[in-house]
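A structural walkthrough
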Amino acid sequence: MSSELRTRTIVGVALILLASAALYSGGFLFWLLLVVAGVLMQGEWGALVSATPEQRRLAMFAVSVPLALLCPLAANVSWVAFTLGAAAFFFVLLVTRSVRLALGIPYVVLPVMALLYLRQQTPDSYGLLLAFWALALVWATDIGAYFAGRSIGGPKLAPRVSPSKTWAGLGGGVLAALATGFLLHRLAGLPVELAAASGLLAVAAQLGDLLESAMKRRAGVKDSGTLLPGHGGVLDRLDGVAAVAPLAALLYLVLVLG
């Protein structure tokens, strides 16, 4: 095993353990991990849209306000936090006059809010299942897309944005997500409506990855950051989650709570 692969593996396992512990714990610890990740994502987003260091810091401070209000000890997931997120968007837009930088606010706030909303559903084991479903779909999609793309190949999905992605990889990701959803339905009681919608979320995960790839290509960089050795930046690891989590929460509201 090369030193680069070893580093990537060690960091990857550490991230999985950290995320799993916070997810299982829920409450304050889960919120804290999401907030730290969200603020870092906002900083990397600012770098990708060529914001100045001052503008990046301003956006990071702005996004921390609605994220702080999502704390279980504060307002938690509520319309107040949502409204402050909208206010943060317009504040950054008016001060920096950069639409691209301001769009980082909803990109960060909405998935954090969605994951916290899913995790806080009762009973606690049900909330854990819903949040795990949203995250596991992204992992399954990435794995399925990687192996299907490598073994089958074929036409490129978006060659100008991400030359390595193929239509076969997308299909493999969708199948892996569906398998994960129905496995969670059978073993843990995930609502069948959500299991059936897992393929749609796999497409969303791939679109989220393509969005970040397009931003990196425009910025002329390989990774969104260097914080995670062997993995790049926080955005590189969570671009799929950012796209999937809000849609997963919406599907839960419409298909299950309806």
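Residues numbered from 1 in each chain as written. Predicted model: local features only at pLDDT ≥ 70, side-chain atom pairs only at ≥ 80, totals over all residues. Heavy atoms only, no water.

1. Points about the packing of helix α7 (residues 124-152) against helix α10 (residues 198-219)
Angle between the axes and distance between the axes: these two values describe a pair of packed helices. Taken N-terminus to C-terminus, the directions of α7 and α10 make an angle of 70 degrees; their axes are 9 Å apart at the nearest point. With respect to α10, the element α7 is oriented roughly perpendicular. Where α7 crosses over α10, the two elements pack in a sense that is right-handed. Together, Trp133, Leu137, Thr141, Asp142 and Ala145 of α7 and Ser198, Leu201, Ala202, Ala205 and Gln206 of α10 make up the contact between the two elements. Per-class residue counts for the contact of α7 with α10 are 6 nonpolar, 3 polar and 1 charged. (Axes fitted to C-alpha atoms, helices over the stretch in contact; angles between N-to-C directions. Helix = DSSP H or I, 4+ residues; strand = E, 2+ residues; numbered from the N terminus. Parallel < 35°, antiparallel > 145°, perpendicular 65-115°, else oblique. Left-handed = near helix turned anticlockwise from the far one by under 90°. Contact = heavy atoms within 4.5 Å. Nonpolar A, V, L, I, M, F, W, Y, C, P; charged D, E, K, R; others polar.)

2. Overview of a nonpolar patch on the surface
Together, Phe28, Leu29, Leu32, Val36, Leu40, Leu73 and Leu227 make up a nonpolar patch on the protein surface, roughly 650 Å² of accessible area in all. If you trace the backbone, Val36 turns up in helix α2 (residues 27-48). (Patch = residues over 30% accessible without salt bridge, like charges linked within 9 Å, V, L, I, M, F, W, Y side chains within 5 Å. Areas by Shrake-Rupley, 256 points an atom, 1.4 Å probe, with all protein chains shown as cover. Salt bridge = Lys/Arg side-chain N within 4 Å of Asp/Glu carboxyl O.)

3. Considerations on the nonpolar core
Within the largest apolar cluster, 71 residues are counted, with the highest numbers of intra-cluster contacts made by Leu67, Leu70, Ile105, Leu115, Leu118, Trp133 and Leu190. Considering every element that reaches this core, the biggest residue donor is helix α6 (residues 104-119), with 11 residues. Sequence-distant contacts of Leu115, that is, excluding residues within four places in its chain, are made with Phe30, Leu34, Ala131, Ala134, Leu135, Val241 and Ala245. (Core = buried A, V, L, I, M, F, W, Y, C linked by side-chain atoms within 4.5 Å. Buried < 20%, exposed > 50% of the residue type's maximum accessible area, 1.4 Å probe, protein only.)

4. Notes on the pattern of salt bridges
Evaluated as defined, the whole model comprises 6 salt bridges. Asp124 is the partner of Arg119 in a salt bridge, and the nearest nitrogen-oxygen pair spans 2.9 Å. For Arg119, a relative accessible area of 4% puts it in the buried group. With a relative accessible area of 48%, Asp124 lands in the partly exposed category. Taken together, the salt bridges that share partners define one network made up of Glu212, Lys216 and Asp236.

5. Looking at the side chain of Asp239
With respect to the element layout, Asp239 can be found in helix α11 (residues 234-257). Summary of buried charges: Asp239 has no salt-bridge partner, and the nearest side chain of opposite charge, Lys216, is 5.9 Å away. Ignoring any residue separated from it by four or fewer positions in sequence, one finds Asp239 in contact with Tyr107, Gly208, Asp209 and Glu212. (Lys, Arg positive; Asp, Glu negative; His and termini not counted.)

6. Considerations on the packing of aromatic side chains
Counted according to the given criterion, the structure contains 8 aromatic pairs. Measuring from ring centre to ring centre gives 5.2 Å for Phe28 and Trp31, while their planes differ by 45 degrees; the resulting arrangement is tilted. Taken together, the residues span about one helical turn, with Phe28 and Trp31 both in helix α2 at a distance of 3 residues. A residue is classified by how much of its surface remains accessible, and Trp31, at 10% relative accessible area, is buried. Arranged with centres 4.7 Å apart and planes meeting at 40 degrees, the rings of Trp45 and Tyr107 form a pair that is tilted. Note that Trp45 is positioned in helix α2 and Tyr107 in helix α6, a separation of 62 residues in sequence. In this pair, the class of Trp45 matches that of Tyr107, namely buried. Grouped by ring-pair contacts, the aromatic residues Tyr117, Tyr126 and Tyr252 constitute a single cluster. (Phe/Tyr/Trp six-rings, centres within 6.5 Å; stacked < 30°, edge-to-face > 60°.)

7. Description of the environment of Ala22
Within the secondary structure, Ala22 sits in helix α1 (residues 3-25). Sequence separation of Ala22 and Leu33 is 11 residues, and the distance between their C-alpha atoms is 7.0 Å. Sequence-distant contacts of Ala22, that is, excluding residues within four places in its chain, are made with Leu29, Phe30 and Leu33.

8. Some points on the confidence of the model for the protein chain
For the protein chain, the mean per-residue pLDDT works out to 93, and 99% of the residues sit at or above 70. Here α1 stands out as the least confident element of the protein chain, with mean pLDDT 85; helix α5 (residues 99-102) is the most confident, with 98. (pLDDT = per-residue confidence, 0-100.)

9. Observations concerning unusual backbone geometry
Each neighbour pair has its own omega, and for Thr122 with Pro123 the value is -5 degrees, a cis peptide bond. Take Pro123: it is sitting in the loop between α6 and α7. The phi torsion at Ser50 lies on the positive side, around 65 degrees, for a residue other than glycine. Within the secondary structure layout, Ser50 lies in the loop between α2 and α3 (53-69). The exposed category is assigned to Ser50, whose relative accessible area is 60%. If you check the backbone angles, Arg97 has positive phi at about 55 degrees while not being a glycine. Mapped onto the elements, Arg97 comes out in the loop between α4 (79-96) and α5.

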